[in-house]
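# Coordinates in review
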Amino acid sequence: GRAAMLGFLHVIAIHAGIRFPGYLSPSLGVKFSDVPAGCFASLEAVPTFGWLQIMFFTCMQETGASPFAEPQTDDKEPGDIAGIPWVRYDDPE
């Protein structure tokens, strides 16, 4: 769910022309502004090592191995793995 939502926002942001300043890969000379607006074309523009970094960070977050995340335990709500204090709203249901 989270990955799908981020992917959707990525497509919307790229088509709206929202780009980070600077380089996506300084060693390869790829700027954020060089990334094309197409869904698959923009995915292919990211270098392989960049995808490995994204996947490594994501896996660390999901497993709780990251210093920014905590593992899922029985005393937490489902999906509550954030390492920061999070205030949930009261659900009347």
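Structure shown above.
Residues numbered from 1 in each chain as written. Predicted model: local features only at pLDDT ≥ 70, side-chain atom pairs only at ≥ 80, totals over all residues. Heavy atoms only, no water.

### What about the overall build of the chain?
Threshold: Comment: elements are numbered from the N terminus, with helices defined as DSSP H or I runs of at least four residues and strands as E runs of at least two. Think of it in three bands: residues with accessible area under 20% of the maximum for their type are buried, residues over 50% are exposed, and the middle band is partly exposed, with areas taken using a 1.4 Å probe on protein chains only. Residue contacts are counted whenever heavy atoms from the two residues lie within 4.5 Å of one another. Only the protein chains shown count as cover for residues, with accessible areas throughout obtained via the Shrake-Rupley method and a probe of 1.4 Å.
Assigned secondary structure in the chain consists of 3 helices and 2 strands. Along the chain direction, N to C, the helices and strands of the chain fall in the order α-β-β-α-α. Expressed as a percentage of its 93 residues, the buried residues of the chain come to 14%. Across the chain, contacts joining residues at least 24 apart in sequence account for 8% of those joining residues at least 6 apart. Counting only carbon and sulfur atoms, one obtains 67% of the accessible surface of the chain, whose full area is about 7600 Å².

### What to know about the packing of aromatic side chains
The geometry of two aromatic rings is summed up by the distance between their centres and the angle between their planes. Condition: Two aromatic rings from Phe, Tyr or Trp, using only the six-membered ring of Trp, form a pair when their centres are within 6.5 Å; if the ring planes differ by under 30 degrees the pair is stacked, by over 60 it is edge-to-face, and anything between is tilted.
Applying the stated criterion to the full structure yields 1 aromatic pair. On the basis of an interplanar angle of 65° and a centroid distance of 5.4 Å, the ring pair of Phe20 and Phe32 is categorised as edge-to-face. With Phe20 in the loop between α1 (2-15) and β1 (23-25) and Phe32 in the loop between β2 (30-31) and α2 (39-45), the pair connects residues that are 12 residues apart, well separated along the chain. Given the relative accessible area of 61%, Phe20 is considered exposed.

### Regarding the side chain of Ser25
Within the secondary structure layout, Ser25 lies in strand β1. Judged by relative accessible area, Ser25 falls into the buried class, the value being 9%. Contact partners of Ser25, with chain neighbours within four places excluded, come to Val30 and Pro47.

### Here's the deal with helix α3 (residues 48-63)
Counted only if it meets this: By this rule, a helix spans an expected 1.5 Å times one less than how many residues it contains.
Here α3 spans 22 Å end to end across 16 residues, near enough to the 22 Å set by a 1.5 Å rise per residue. Positive backbone phi, approximately 85°, marks Gly64, located one or two places after α3.

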